[in-house]
Amino acid sequence: MKVNGQHYRSLWWDEGAKALQIIDQRWLPHDFRVQQVDSLQDFADAIVEMRVRGAPLIGATAAYGMALAARLDPSDAHLNSAWEQFNKTRPTAINLRWALNRCRDYLLPLPEAARADAALKLAHEIADEDVEINRNIGLNGLKLIREISARKPAGEPVRILTHCNAGWIATVDWGTATSPMYHAHDEGIAIHIWVDETRPRNQGALTAWELGSHGIPHTYITDNAGGHLMQHSLVDLVITGTDRTTRRGDVCNKIGTYLKALAAKDNGVPFYVALPSPTIDWTVDDGVAEIPIEERSTSEVTHIMGRDQAGAIGTVQVTPDGSSGGNPAFDVTPNRLVTGLITERGICDASPEGLAGLFPEFAKA
Ligand code: MRU
């Protein structure tokens, strides 16, 4: 999508430098900084530190990391150790393991001399596929927004609530939850987005930055406001992303998503989750029992980053000295609270049958 009128993907290959370029998301929305990722440790750090973040983008970044590993040393031992190094960076988003497995399974049967070129080609393929998948998620989700808009008085916006940032910078382009929003806006449908702040890291500010750059009306709200807005019929639809979806349609997403789903259920607001198929973990059934939840540094809770009135970007402490913080980064929304799943192949029920109907080849495996 566009930044100041120029089209960007969230990562791109610089042929001259023979290196990956990323947008360092730690500085957004205050500063737009592009960074080159140069070493295997740098790839791992970029994911851990959330310079790149969002399940699909983590996967695509790891694929380029495997390409660098193959260029440095294409042996089985080295590729396996790079796989291990990247796999432990973030435990919840399954796209990471999906991309690493896809790279390793493709590369290991090849002769060593062919692996470096093949790995880079595969990383490009994974990135391009992600763009196309998310574009199609948007076209499928657009149908929902069209239907709601058609029931409203002319010009009245469809009011959509979203949590975290499942936007274009969380993917290679388009985003998952935001893709239907971009398509609807571009088609001329009036929409208004309620953007959850999403403490502790305030990914909502990233979503607000994206939507603002695209001219989409939105309001940044505290994480606790959603239930109140739903009670007062101010939300027509919730769309979030997901970091891992189980084969029965439980959805693991940014902490706080579950509470939004509960409020949506209580108020009869449709709660949809947008996801690319690599986010489905076909080996997991019960998300609450089986998905590992990332515990991040408590400093993300006790401190907050922002821009002061003089324009300086800095971090301040919000808690008293000595108070400890707790920081589970994700929660699981059981399938019974999910109205439907928006995928690149269509919309389905959050159920084993729903997902198997759209992806029979994976469901059988
Ligand atoms: O911790 P983050 O910022 O990587 O978490 C991101 C999310 O929870 C997103 O909603 C999810 O990855 C879907 S991104 C298209």
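Here, residues in each chain are numbered from 1, in the same order as that chain's written sequence. Thresholds applied to this predicted model are a pLDDT of at least 70 for local features of residues and 80 or more for the giving and counting of side-chain atom pairs; totals over whole chains, interfaces and linings are not thresholded and use all residues. The side-chain values count all of the structure's non-hydrogen atoms but skip hydrogen atoms and water molecules.

**Quick word on the pairing of strand E15 (residues 313-317)**
Put simply, the rule reads: DSSP bridges decide pairing: two strands pair if at least two such bridges lie between them. Only runs of H or I of at least four residues qualify as helices and only runs of E of at least two qualify as strands under DSSP, and these elements are numbered from the N terminus.
As judged from the five bridges shared by strand E14 (residues 303-307) and E15, these two strands associate in the antiparallel manner. Opposite Ile 304, over in E15, you have Val 316 as the bridge partner. Where E14 folds back on E15, the antiparallel hairpin that results is connected by five residues, among which Gly 311 adopts a positive phi of roughly 95°.

**Focus: helix H7 (residues 203-213)**
The criterion, for reference: Throughout, exposure labels follow a simple rule: accessible area from a 1.4 Å probe, protein chains only, divided by the maximum for the residue type, with under 20% read as buried, over 50% as exposed, and the rest as partly exposed. Contact criterion: two residues are considered in contact whenever any of their non-hydrogen atoms come within 4.5 Å of each other.
Judged by how many residues are buried, H7 sits mostly within the fold: nine of eleven residues are covered. Along H7, the positions that sit buried rather than exposed are Gln 203, Gly 204, Ala 205, Leu 206, Thr 207, Ala 208, Trp 209, Glu 210 and Leu 211. Against the buried residues of H7 lie strand E1 (2-3), strand E6 (158-162), helix H6 (178-186), strand E7 (191-196), strand E8 (218-221) and strand E11 (251-254). A positive phi of about 75° marks Gly 215, the residue just after H7.

**A closer look at the site of the ligand**
Where we set the bar: Residues are counted as near a molecule or strand when any one of their heavy atoms sits within 4 Å of it. Between N or O atoms, a polar contact is any pair within 3.5 Å; within protein, one atom must be a potential hydrogen donor and the other a potential acceptor, and residues adjacent in sequence are included only when both atoms are from side chains. To measure how exposed things are, a 1.4 Å probe is used in the Shrake-Rupley method; for residues, cover is taken only from the protein chains shown. Note on definitions: the grid is 1 Å and covers protein atoms alone; a cavity is a set of points where a 1.4 Å probe fits but cannot get out; a pocket is an open set with protein on both sides within 12 Å along at least five of seven lines; lining residues have an atom within 4 Å of a point. Whether a molecule sits in a cavity or pocket is decided by its atoms, more than half of which must lie within 2 Å of the grid points. Under the convention adopted here, Pro, Cys and the residues Ala, Val, Leu, Ile, Met, Phe, Trp and Tyr are nonpolar, Asp, Glu, Lys and Arg are charged, and Gly plus all remaining residues are polar.
Close to the ligand lie 18 residues, the nearest being Arg 53, Arg 90, Asp 243, Asn 253 and Lys 254. Between the ligand and Gly 54 there is a distance of 2.9 Å, counted from an oxygen atom to a backbone nitrogen or oxygen. One of the backbone nitrogen or oxygen atoms of Ala 55 is found 2.9 Å away from an oxygen atom of the ligand. Alone, the ligand offers 410 Å² of accessible surface; in the complex the protein occludes 100% of this. For the ligand, the cavity whose grid points lie within 2 Å of the majority of its atoms is the largest cavity. Sorting the residues of the shell around the ligand by element identifies helix H2 (55-72) and E11 as the ones contributing at least two each. The class makeup of the residues in the shell around the ligand is seven nonpolar, seven polar and four charged.

**A few points about H2**
For the record, the criterion: By definition here, a helix of n residues has an expected span of 1.5 Å times n minus one.
With 18 residues, H2 extends 26 Å between its outermost C-alpha atoms, agreeing within 8% with the 26 Å of an ideal straight helix rising 1.5 Å per residue. Among the 18 residues in H2, 16 count as buried, and that is most of the element.

**So, empty space enclosed by the protein**
Note the following rule: Grid points are joined across faces, edges and corners, and a volume is the space filled by probe spheres set on the points. All the domain ranges listed were derived from an automatic or database domain assignment.
Scanning the model with the defined rule gives two cavities of 30 Å³ or more in all. Here the largest cavity is characterised by a volume of approximately 180 Å³. Arg 53, Gly 54, Ala 55, Asn 165 and Asp 243 are, among the 21 residues lining the largest cavity, the residues nearest its centre. Of all the secondary structure elements, the ones that give two or more residues to the lining of the largest cavity are H2 and E11. Here the lining of the largest cavity gets three residues from one element, more than from any other, and that element is H2. A class-by-class count of the residues in the lining of the largest cavity yields ten nonpolar, seven polar and four charged. Mapped onto the domain boundaries, the lining of the largest cavity takes at least three residues apiece from domain 1 (2-129) and domain 2 (137-363). Here the second largest cavity defines a volume of roughly 50 Å³. Within the lining of the second largest cavity, the residues separate by chemical class into two nonpolar, two polar and four charged.

**Topic: the side chain of Asn 253**
The topology assignment puts Asn 253 in strand E11. Judged by its relative accessible area of 4%, Asn 253 is buried.

**Quick word on the sheet that holds strand E10 (residues 244-246)**
The line we're drawing: Note on method: axes are straight lines fitted to C-alpha atoms, helices fitted across the in-contact stretch only, with angles between N-to-C directions ranging 0 to 180 degrees.
Strand order in the open sheet formed by four strands is E13-E10-E11-E16, and the pairing between neighbours is mixed. Looking along the sheet, the strands with just one partner apiece sit at the ends: strand E13 (280-281) and strand E16 (330-333). Its contacts with the sheet put helix H9 (residues 257-267) on E11 and E16, and the angle it makes with E16 is roughly 30°.

**A closer look at the domain arrangement of the protein**
To be explicit about the condition: The salt bridge definition used is simple: a Lys or Arg side-chain nitrogen within 4 Å of an Asp or Glu carboxyl oxygen.
Partitioning the protein into domains gives domain 1 (2-129) and domain 2 (137-363). The distance between the C-alpha centroids of domain 1 and domain 2 comes to 24 Å. Between domain 1 and domain 2, the residue contacts involve 34 residues of the former and 35 residues of the latter. Seen at the junction of domain 1 and domain 2, the total is two salt bridges. The partner of Arg 90 in a salt bridge is Glu 294, and the shortest N-O contact between them spans 2.9 Å. Scanning the region where domain 1 abuts domain 2 turns up 14 residue pairs in polar contact (both at pLDDT 80 or more). For the side of domain 1 that touches domain 2, the elements supplying multiple residues, two or more each, are E1, H2 and helix H4 (94-107).

**Observations concerning the nonpolar core**
Formally: Buried Ala, Val, Leu, Ile, Met, Phe, Trp, Tyr and Cys residues form a nonpolar core when they are joined through side-chain atoms within 4.5 Å.
Formed by 74 residues in total, the largest nonpolar core has its most connected members in Leu 11, Ile 160, Trp 168 and Ile 191. Counting the residues that make up this core, at least three belong to each of domain 1 (2-129) and domain 2 (137-363). Apart from the residues lying within four places of it in its own chain, the contact partners of Ile 160 are Ile 145, Met 181, Ile 191, His 192, Ile 193, Trp 194, Leu 237 and Ile 239. By size, the runner-up hydrophobic cluster in this structure holds 26 residues, among which are Trp 194, Ala 264, Phe 271 and Phe 359.

**Digging into the packing of aromatic side chains**
Selection criterion: Pairs were defined over the aromatic rings of Phe, Tyr and Trp, the Trp ring being its six-membered one, requiring ring centres within 6.5 Å. Orientation was assigned from the angle between planes: stacked under 30 degrees, edge-to-face over 60, tilted for the rest.
Tallied over the entire structure, the rule returns nine aromatic pairs. An angle of 65° between the planes, with centres 5.0 Å apart, marks the rings of Tyr 8 and Phe 32 as edge-to-face. Of this pair, Tyr 8 sits in the loop between strand E2 (6-7) and strand E3 (11-14) while Phe 32 sits in the loop between strand E4 (19-23) and strand E5 (34-37); the two residues are 24 residues apart in sequence, bridging distant segments of the chain. Among the residues examined, Phe 32 registers a relative accessible area of 26% and is labelled partly exposed. Here the aromatic rings of Phe 32 and Trp 209 are separated by 6.2 Å at their centres, their planes lie at 25°, and the arrangement is stacked. Of the two residues, Phe 32 sits in the loop between E4 and E5 while Trp 209 sits in helix H7, which places them 177 residues apart along the sequence.

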